[in-house]
Amino acid sequence: MEIFDASRFTNKFSLEQAFAMCHGSEISYKDPELYVNHAKDLWGFKSVVPYDTDGTQALLCSKQGLNCLFFRGTDFQSLDDIKTDIQAYQVSPKEMTGEVHGGFYNAFRKLWWRIQGDLKCAKQNSPGSRLYIAGHSLGGALATLCAAMLAKEGQRVDGLYTFGCPRVGDSDFVQWLGGLLKGRHYRVVNNCDIVTRWPKRMMGYSHGGEFHYLSDSGQHYMDPSKWWVFADQSVARFMDIGTLGLEDIKDHKLRGSGSDLGYLDILERLEYNAKR
């Protein structure tokens, strides 16, 4: 079945949508020629617009009734991406409420005006079409800022899906974003993923969105208690004690290997089992 079937997309979380948006986030890491062909030939998108400005990358995929915007995450071979991640000072953009990560904001601004214009054209070409935004890692942070700006300007965002997303802003920003998206922000975390714990709370950062947790056993839980998550993570780290903390790093991957499952591996399995 077509994973980007516009008739099946809703403004509520589903494993089917999460799998599709995670798949799109993965493709955004690929060579542009590859993901343009993939999105058109396999997913049925009629228009695919790639963006790349100073290493900040995204792609806008459009078809009748559906627009999907995917932001690429950190390329650890890119000095620009690494600089973006570590610039954790906070800035107070005049167009937003609260403070946000300076590196993420500066990277997002490189693409904002082009994306804004292209989305307006896509909406005009398909009136009433839904809009979903997603990203993994740094891509999740950029997707969050983009969703905030679009919603502020009156553009309806039907779903924001982030995978392994770092904290983006302070509590004021999180509260403001929540009011704009009205429950349509879904934050997916795989077990011990280290990136989701950065930047630290003591630095003034907070998480927002509806929390969806993928456990050590590969199960999905919505908004579990912090103590339950701590216990599940502790078991995972104990079972992986010989790897010197690599569990936290491995859990950040979209695709794992062997018994080490990444975001996409788990969501694919969960979505398959849900349809059986």
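See above for the structure.
Residues numbered from 1 in each chain as written. Predicted model: local features only at pLDDT ≥ 70, side-chain atom pairs only at ≥ 80, totals over all residues. Heavy atoms only, no water.

**A word on the environment of Glu99**
Quick reminder of the rule: Helix numbers and strand numbers start at the N terminus; a helix is a DSSP run of H or I with at least 4 residues, a strand a run of E with at least 2. Exposure categories follow from relative accessible area, calculated using a 1.4 Å probe and restricted to protein chains: below 20% of the type maximum is buried, above 50% is exposed, and the middle band is partly exposed. For this analysis, residues touch if any pair of their heavy atoms sits within 4.5 Å.
Turning to its location among the elements, Glu99 is positioned in the loop between strand 4 (90–91) and strand 5 (100–101). Since its relative accessible area comes to 29%, Glu99 is described here as partly exposed. Leave out the neighbours within four places in its chain, and Glu99 touches Gln90, Val91, Ser92, Gly169, Asp170 and Phe173.

**Points about the sheet that holds strand 10 (residues 220–222)**
Strand pairing in a sheet relies on backbone hydrogen bonds, with the paired strands running either antiparallel or parallel. Spelled out, the test is: A pair of strands is labelled paired if DSSP reports no fewer than 2 bridges between them. Interaxial angle, 0 to 180 degrees, is taken between N-to-C directions of lines fitted to C-alpha atoms, where a helix line uses only the stretch in contact.
Here eight strands make up an open sheet; going across it, the order is 1-2-3-6-7-8-9-10 and the pairing mixed. With partners counted over all chains shown, the strands left at the sheet margins are strand 1 (47–53) and strand 10, one partner each. Strand-to-strand twist of the sheet, defined as the mean angle between neighbouring strand axes without regard to direction, takes the value 15°. For strand 6 (residues 130–136) and strand 7 (residues 159–163), the ladder comprises five bridges, and the chain directions are parallel. Residue pairing for strand 7: Tyr132 is matched across the bridge by Gly159. Where helix 2 (residues 32–41) meets the sheet, it contacts strand 1 and strand 2 (56–63), and its direction lies at approximately 155° from that of strand 1.

**Side note on helix 7 (residues 226–239)**
So the rule is basically this: For a helix, the expected span equals 1.5 Å multiplied by the number of residues minus one. As used here, the arc belongs to the directions running from the helix axis to the C-beta atoms.
Over its 14 residues, helix 7 runs 20 Å from end to end, which matches the ideal 20 Å to within 8%, given 1.5 Å per residue. For helix 7, the full list of buried residues reads Val229, Asp232, Gln233 and Ala236. The buried residues of helix 7 occupy one face: seen down the axis, they fall within an arc of 95°. Set apart from the buried face of helix 7 by more than 90 degrees, the exposed residues are Trp227 and Phe238. In the core, the buried residues of helix 7 are packed alongside strand 9 (210–214) and helix 8 (246–250).

**Digging into the nonpolar core**
The line we're drawing: In this text, buried Ala, Val, Leu, Ile, Met, Phe, Trp, Tyr and Cys residues form a nonpolar core when linked through side-chain atoms within 4.5 Å.
One finds Phe4, Met21, Phe45 and Phe163 to be the most contacted residues of the largest nonpolar core, which totals 38 residues. Take this core: its biggest share by element is six residues, from helix 1 (residues 15–27). Residues within four places of Phe45 in sequence aside, it is in contact with Phe4, Ala39, Lys40, Cys61, Ser62, Lys63, Leu66 and Cys68. Phe71, Phe104, Phe108 and Ala148 belong to the second largest nonpolar core, which has 36 residues in total.

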